[in-house]
Amino acid sequence: MFFSEAGQFSTSYAADRRILRLRQERGVVWAILGVALLVVPFVGNDYWFSAILVPFLVLSLAGLGLNLLTGYAGQLSLGSAAFMAVGAFAAYNFLLRLPGLPLLAGFVLGGLVAAVVGVFFGLPSRRIKGFYLIVATLAAQFFVQWVFTQYGWFSNFNSSGVISAPPLLVGGYDFSDPAGRYVLTLLVVAALTALAYRLVRSDLGRNWMAVRDMDTAAAVIGIPVFKTKLLAFAISSFYLGVAGALWAFTYLGTVEPHGFDLTRSFQVLFIIIIGGMGSILGNFIGAAFIVLLPVLLSNLGGSLLVGIIDVEQTENLQKIIFGVLIIAFLIREPDGLASLWQKLRARARLWPLRH
Amino acid sequence: MLRQTPRLKPLFAALAIGASVFAGPAAQAANEQYFPLQSYRIGPYAAGGTGFFGGFIDYLQLVNNRDKGVNGVKLTWSECETEYVVEKGVECYERLKKGLNGAPAAATNPLSVGIAYATLERSTADRIPLITINHGRTDSTDGSVFPYAFPLQLNPYSEVSAIINYIGQKYGSLDKLKGKKIVTLYHGSPYGKETIPVLDILAKKYGFEVTHIEVPHPGNEQQSQWLNIRRIKPDYVILRGWGVMNPVALKTAQKTGYPIDHIIGNIWSNSEDDAEPAGDAAKGYISITTHPSGTNFEVLKEIDKTVVKAGKGNLKDPKGFGSVYYNLGVVNGILNVEAVRVAQAKFGKRPLTGEEVRWGFENISIDDKRLKELGATGLLQKLKLSCADHEGGGSVRFQQWDGKKWNVISDWVQADRALLRPIIEKSAAEYAKEKGITPRTCTKES
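So, how was this worked out
Residues numbered from 1 in each chain as written. Chains lettered and ligands numbered in written order. Predicted model: local features only at pLDDT ≥ 70, side-chain atom pairs only at ≥ 80, totals over all residues. Helix = DSSP H or I, 4+ residues; strand = E, 2+ residues; numbered from the N terminus. Rg over C-alpha atoms; globule rule 2.2 N^0.38 Å. Contact = placed C-beta atoms within 7 Å. Buried ≥ 20, exposed ≤ 12 C-beta atoms within 10 Å, placed from the backbone. Pairing = 2+ DSSP bridges. Right-handed = clockwise from strand over helix to strand, strands pointing away. Domains from an automatic or database assignment. Nonpolar A, V, L, I, M, F, W, Y, C, P; charged D, E, K, R; others polar. Expected span 1.5 Å × (residues − 1). Bend = angle between axes of the 7 residues up to and from the residue. Axes fitted to C-alpha atoms, helices over the stretch in contact; angles between N-to-C directions. Left-handed = near helix turned anticlockwise from the far one by under 90°. Parallel < 35°, antiparallel > 145°, perpendicular 65-115°, else oblique. pLDDT = per-residue confidence, 0-100.

K.L.:
Could you give an account of the overall build of chain B, with specific residues and numbers?
P.N.:
A tally of helices and strands in chain B yields 15 helices and 14 strands. For a compact globule of 446 residues, the expected C-alpha radius of gyration is about 22 Å, and chain B comes in at 23 Å, within 12% of that figure. On the principal axes, the C-alpha backbone points of chain B span a range of 80 × 60 × 50 Å. The contacts in chain B between residues at least 6 apart in sequence include a share of 71% that link residues at least 24 apart.

The following block contains the structure:
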């Protein structure tokens, strides 16, 4: 009933190709954005902003970056954290060494540098694919971390190699308080998500999917396979770079190279596997799962189990529950949580008149 | 359609529980002072976390049971597991900073350089002291720029300076260091690198030759580094290790034939867990410590009597009682409680805000008499903090591993703090400039 398409006709190609074709979809998306921008900043508290919403948004964006590469273009990568690190350190250095550079321009430049590095590590994708490509991107993971620890210039010769973010000023407004950080992150993530929606429906997005599904066939019908793959690496790394800059600037406020280790790459990979490969919404669902569930479990463990079981046991128990949930979800829904949502939606469209 | 409704019930129930959990406990006035503990008891560094927070909690229990709290204000705490992971530490910080059941938070003690760096600005904004005992950011010693950070007792620069002073003592005087060779073997992380510049300065001043050799994290393979050391033939090796790197270094040193008693471990290479796994190779290994291990101190005996014997001890494994990490936790507990006590003398005998406790930390002054009252003679050093000096002590003792336990082999050795102060101030000033902070004027503070 609520999702009925009846009576909604496209009268032009442009209308038929728009991202949110249904009135209801547009309504829901704008409502969510409206609430997130106009209501949440006033009702949320510091804990929600700093510990839950900001990391959730940043990791969603990182997942989105990897999903463009892995879910859409079919190139496996374990270098996500490395590209995030490049973005973070590049943005920091641009803002430090070019006084007066606007913050957002710093983010964009950080993303661009990450894109260049991404293209470089994407070069092996000309010859190798699948698991072998993972090894090549793994090299990025270790190389980048090594460079940042080895050369003090990147962290402005800070003796411990930890960078700390400058004040968050955009257009004269200070976004340094928790609510401000949240709003800033939300705006960047929303803009980049909208861009991604358009991208995957453009020629380039179609090319990515063709290469993903069968690169020989894609080459036969005239798609420049190598260029398409490199563009996937570039754009994916751009997204990851911006995510890394946000992680450093709006979330933690400081960053050291070890903050972007292999664990982070795996975390981003799990987000897209659990959320759903080749889905944009899936990144948000996956990130919510990865960020929120452990926090919820740890809160529950802290308040319900205290005194009954040892602290160490509760912590390990949480890990077990989290792992079991991941396995259960993947057995029930191998295509990720996003496809669960798709199915729900398909049912909602028919409801209540199924027959 | 109606068939579907019952299925939703568990979902709503789950949501309701979730919402109530996130909403947190309702605020109510209580005559309690709260300590938010960002502890770690699982993960690769569990040994350190379990010992430290065990000692900390046991001391708080002692104060509650023996003295009925601090001037009648009960101490309370709750734990949040960080696994030594920065994001988890930040989440825990945000979760716990508001206090518990109306009891305000006194200070945070993450015992992790990474978490401390990430919560430094938050602590300043939220006005809650951030205690990094024996570690942390060196320049946060300058309290005029870092009002809420306290690298108590010993910052990384003092640590290195004290080691050099000790080596100088061994040769008779610091002038004798001229022409000597010292190698530092450091963990390839921000923590490991923190002291490179100050060692270079000291080398220039005293005329010894210093070589920095990095061991990449985690450090379970050090053959090439030690072969390199054998080639250099240094007079002393300073080990700035962490975790598994320490026993491996000792074993490899033995294999390459370097004399173990010429290796000096730093403050994070000084526990039983660093020496014991190396077996025989560790016999004779020297390390620094701010507090001896062992149970032969008044305060530990009292903890044993009132807390552990009563079955309330925090450690599950009684072997950890009196270990290096446990005693550090007790020392940390003493200093935190002392800050609360000092602040209560000024602001009244009631639960205090983080800002008031900070004043307490800045006015800690522990002399021999106070040490005796605390039952911590020999365990804790004399300590006097101020607005400008958030470190206070800067002395260490040296201990030697006999194959089974640590034995203290030196008196207190003082770091050359006058030499280090200008370096720290310069670094703090740079930080202030980068961040746009106007430093406090410490002479105006009361």
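K.L.:
Please provide a residue-by-residue account of the overall build of chain A, values included.
P.N.:
Helix and strand counts for chain A come out as 14 helices and 4 strands. Against the compact-globule benchmark of 20 Å for 355 residues, chain A has a radius of gyration of 21 Å, which places it among compact chains. Its C-alpha atoms give chain A principal-axis dimensions of about 70 × 60 × 45 Å. Here chain A holds 355 residues, and the buried ones make up 45% of them. Counted over contacts in chain A with a minimum sequence separation of 6, partners at least 24 positions apart contribute 75%.

K.L.:
How would you summarise the pairing of strand β1 (residues 32–39) of chain B if you had to cite specific residues and measurements?
P.N.:
Residue and element names in this part refer to chain B. Most of β1 is tucked away: 7 of the 8 residues are buried. Pairing of β1 with strand β2 (residues 74–81) involves 8 bridges; the strand directions are parallel. Along β2, the bridge assignment pairs glutamine 33 with leucine 75. For the crossover that starts at β1, traverses helix α2 (residues 46–67) and ends in the parallel β2, the hand is right-handed.

K.L.:
If you had to explain the domain arrangement of chain B to someone new, which residues and values would you point to?
P.N.:
Residues and elements named next belong to chain B. Taken as a whole, chain B is organised into domain 1 (32–154 + 293–384) and domain 2 (157–289). Measuring from the centre of the C-alpha atoms in domain 1 to the corresponding centre in domain 2 gives 29 Å. With 10 residues of domain 1 at the contact, the number on the domain 2 side is 13 residues.

K.L.:
Can you lay out the interface of chain A and chain B for me, pointing to particular residues and giving the numbers?
P.N.:
Counting residues at the interface gives 29 residues for chain A and 28 residues for chain B. Mapped by element, the contributors of at least two residues to the side of chain A that touches chain B are α3 (46–72), α12 (281–304) and α13 (311–332) of chain A. The element that contributes the greatest number of residues to the side of chain A that touches chain B is α12(A), accounting for 7 residues. In terms of residue class, the side of chain A that touches chain B is built from 11 nonpolar, 14 polar and 4 charged.

K.L.:
Mind laying out helix α10 (residues 225–252) of chain A, listing which residues take part and the relevant values?
P.N.:
What sets the pattern is the α-helix's 3.6 residues per turn: residues three or four places apart point alike. Residues and elements named next belong to chain A. Spanning 28 residues, α10 covers 39 Å between terminal C-alpha atoms, matching the ideal 40 Å at 1.5 Å per step. Within α10, the axis deviates most sharply at leucine 246, by approximately 30°. Glycine 253 lies just past α10 and shows a positive phi near 85°.

K.L.:
Any details on the packing of helix α5 (residues 156–171) of chain B against helix α7 (residues 196–206) of chain B? Residues and values, ideally.
P.N.:
All names here are of chain B. For the pair α5 and α7, interaxial distance at closest approach is 9 Å and the crossing angle is 35°. Here α5 runs over α7; the crossing is right-handed. Along its contact with α5, which presents Tyr157, Val160, Ser161 and Ile164, the element α7 presents Val198, Leu199 and Leu202. Among the residues making up the contact of α5 with α7, the classes are represented as 6 nonpolar, 1 polar and no charged.

K.L.:
Talk me through the environment of B:Asp402; I want residue IDs and the actual numbers.
P.N.:
One can find B:Asp402 in the loop between β12 (395–401) and β13 (406–408). Sequence spacing of B:Asp402 and B:Gly284 is 118 residues, and the spatial spacing of their C-alpha atoms is 5.9 Å.

K.L.:
With reference to specific residues and values, describe unusual backbone geometry.
P.N.:
In this model, B:Leu111 sits at a positive phi of 50°, which is unusual for a non-glycine residue. The exposure class of B:Leu111 is buried, given the 29 C-beta atoms found within 10 Å.

K.L.:
Please provide a residue-by-residue account of the environment of B:Tyr206, values included.
P.N.:
Its place among the elements puts B:Tyr206 in helix α7. When residues no more than four places from it in sequence are discounted, the contact partners of B:Tyr206 are B:Leu174, B:Leu177 and B:Lys178.

K.L.:
A description of the packing of helix α7 (residues 178–200) of chain A against α10(A) should follow, citing residues and the corresponding values.
P.N.:
Residue and element names in this part refer to chain A. For the pair α7 and α10, the least separation of the axes is 11 Å and the interaxial angle reads 175°. Between α7 and α10, the interaxial angle falls into the category roughly antiparallel. Of α10, the residues touching α7 (which contributes Arg181, Leu184, Thr185, Val188, Leu192 and Leu199) are Ile235, Tyr239, Val242, Leu246 and Thr250. Counted by class, the contact of α7 with α10 contains 8 nonpolar, 2 polar and 1 charged residues.

K.L.:
Can you explain the confidence of the model for chain B? Please cite residues and give values.
P.N.:
Residues and elements named next belong to chain B. The pLDDT averaged across chain B works out to 88; a share of 93% of its residues lies at or above 70. Of all helices and strands in chain B, the one with the weakest mean pLDDT is helix α1 (residues 5–23) (45), whereas strand β3 (residues 130–131) scores best (96). Segment residues 1–28: pLDDT under 50, and 11 contacts once partners within four positions in sequence are set aside and those in other chains are kept. The ipTM value of the predicted complex is 0.83, and its pTM value is 0.85.

K.L.:
Account for the pairing of β12(B), with residues named and values stated.
P.N.:
Within a regular strand, the side chains alternate between the two sheet faces. Residue and element names in this part refer to chain B. Burial of β12 is extensive: 6 of the 7 residues sit out of reach of the surface. Relative to β12, strand β9 (residues 286–289) runs antiparallel, the two being bridged by 4 bridges. The residue bridging threonine 289 from the neighbouring strand is arginine 397, located in β12. Alignment of β12 against strand β14 (residues 413–414), held across 2 bridges, turns out to be antiparallel. By the bridge assignment, valine 396 is partnered in β14 with valine 413. Here β12 pairs with β13 via 3 bridges, running antiparallel. In the sheet register, glutamine 400 faces β13, and the bridge partner there is asparagine 407. Where β12 folds back on β13, the antiparallel hairpin that results is connected by 4 residues, among which glycine 403 adopts a positive phi of roughly 105°.

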